[in-house]
Amino acid sequence: MKTYILPSIKITIILLVIVAGLYPLAIAGIGKFTPGQGDGETVEYKGRVVGYANIGQNFTKDKYFWSRPSAVGYNAAGSGGSNKGPSNPDYLNKDVKGRIDTFLKHNPTVKKEQIPAELVTASGSGLDPDLSPAGAQVQADRVATARGIPVSQVNSLIASHTEGPLWGLFGPAKVNVLKLNIALDELKK
């Protein structure tokens, strides 16, 4: 038994130094080469920080594109999903149905079948900052009407803010809702 104790203590100390010391320092160093230098990519509007590019925000006014629902109330301190699946009747009958009804009330030109699932279901983190282009386009009529601008102008704005997959291969196309809403505010009537 004594022959195993000393090697076990040594390997524990070595792994503690690597996992709790060297690895976090290496990741922090790599983070310094990313946008925001590891502190998050801030988004500014009129000279002040209005949010982070990778953290969703709640938009409820008709003149803005709405974000994906959040299971954590858009609280970045507590990221997490609802853990309710598509077979949970409480989730379907209360949360999802309520979101669909609200969306249809504010978007009278849209049919229930046209609503992308991302607009009525929360993301795994509860903080998803992006929508698919379809998730933005289904809201274009409402936004254009509320702002008194042509739908074609809103659709052009969506197209110009659509980011393709990473390196053209990984992930879907996406639209950052905060950046899109800032671009809306910058439009001249």
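Up top you'll find the structure we're talking about.
Note that the structure is predicted; figures quoted are calculated from it, not measured.

A.B. asks: Quick one: what's the story with the overall build of the chain, residue by residue and with numbers?
C.D. replies: Of regular secondary structure, the chain possesses six helices and five strands. Along the chain, helices and strands appear, N-terminal first, in the series α-β-β-α-β-α-α-α-β-β-α. For a compact globule of 189 residues, the expected C-alpha radius of gyration is about 16 Å, and the chain comes in at 22 Å, more than 25% above that figure. For the chain, the spread of C-alpha atoms along the principal axes amounts to about 80 × 45 × 30 Å. Expressed as a percentage of its 189 residues, the buried residues of the chain come to 31%. Sequence separation of 24 or more characterises 58% of the internal contacts of the chain that already satisfy a separation of 6 or more.

A.B. asks: Could you give me a rundown of the sheet that holds strand β4 (residues 162-163), with the residues and numbers involved?
C.D. replies: Spatial strand order, β3-β5-β4: three strands in an open sheet with antiparallel pairing. The two strands at the open ends of the sheet, each matched to only one other strand, are β3 (130-131) and β4. Here two bridges tie β4 to strand β5 (residues 174-176), and the two strands are oriented antiparallel to one another. Residue pairing across strands places T162 opposite V175, the latter belonging to β5. On top of the sheet, helix α6 (residues 177-186) reaches β3 and β5; it is set at about 60 degrees to β5, its chief contact.

A.B. asks: How would you explain a nonpolar patch on the surface if you had to name every residue and give the values?
C.D. replies: Residues M1, I5, I9, I11, I13, I14, L15, V17, I18, V19 and L22 make up a contiguous nonpolar surface patch of roughly 1,100 Å² in combined accessible area. For I9, the location among the structural elements is in helix α1 (residues 2-31).

A.B. asks: Which residues make up the nonpolar core, and what are the values?
C.D. replies: Across soluble globular proteins, nonpolar side chains show a tendency to be buried alongside one another. Judged by nonpolar contacts, the single largest core of 32 residues is most densely connected at F65, F103, I115, V154, I158 and L180. Every element with two or more residues in this core is listed here: β1 (42-45), α2 (89-106), α4 (140-147), α5 (151-160) and α6. Once you skip the residues sitting within four places of it in the chain, F103 turns out to touch W66, V110, I115, L119, V138, Q139 and R142.

A.B. asks: Which residues make up unusual backbone geometry, and what values do they have?
C.D. replies: Within the chain, K46 stands out as a residue other than glycine whose phi angle is a positive 55 degrees. Counting through the fold element by element, K46 comes out in the loop between β1 and β2 (48-52). For K46, a relative accessible area of 73% translates into the label exposed. Of note, W167 is a non-glycine position whose phi angle comes to about 55 degrees, a positive value. With respect to the helices, strands and loops of the structure, W167 is situated in the loop between β4 and β5.

Calculation criteria
Residues numbered from 1 in each chain as written. Predicted model: local features only at pLDDT ≥ 70, side-chain atom pairs only at ≥ 80, totals over all residues. Heavy atoms only, no water. Helix = DSSP H or I, 4+ residues; strand = E, 2+ residues; numbered from the N terminus. Rg over C-alpha atoms; globule rule 2.2 N^0.38 Å. Buried < 20%, exposed > 50% of the residue type's maximum accessible area, 1.4 Å probe, protein only. Contact = heavy atoms within 4.5 Å. Pairing = 2+ DSSP bridges. Axes fitted to C-alpha atoms, helices over the stretch in contact; angles between N-to-C directions. Patch = residues over 30% accessible without salt bridge, like charges linked within 9 Å, V, L, I, M, F, W, Y side chains within 5 Å. Areas by Shrake-Rupley, 256 points an atom, 1.4 Å probe, with all protein chains shown as cover. Salt bridge = Lys/Arg side-chain N within 4 Å of Asp/Glu carboxyl O. Core = buried A, V, L, I, M, F, W, Y, C linked by side-chain atoms within 4.5 Å.

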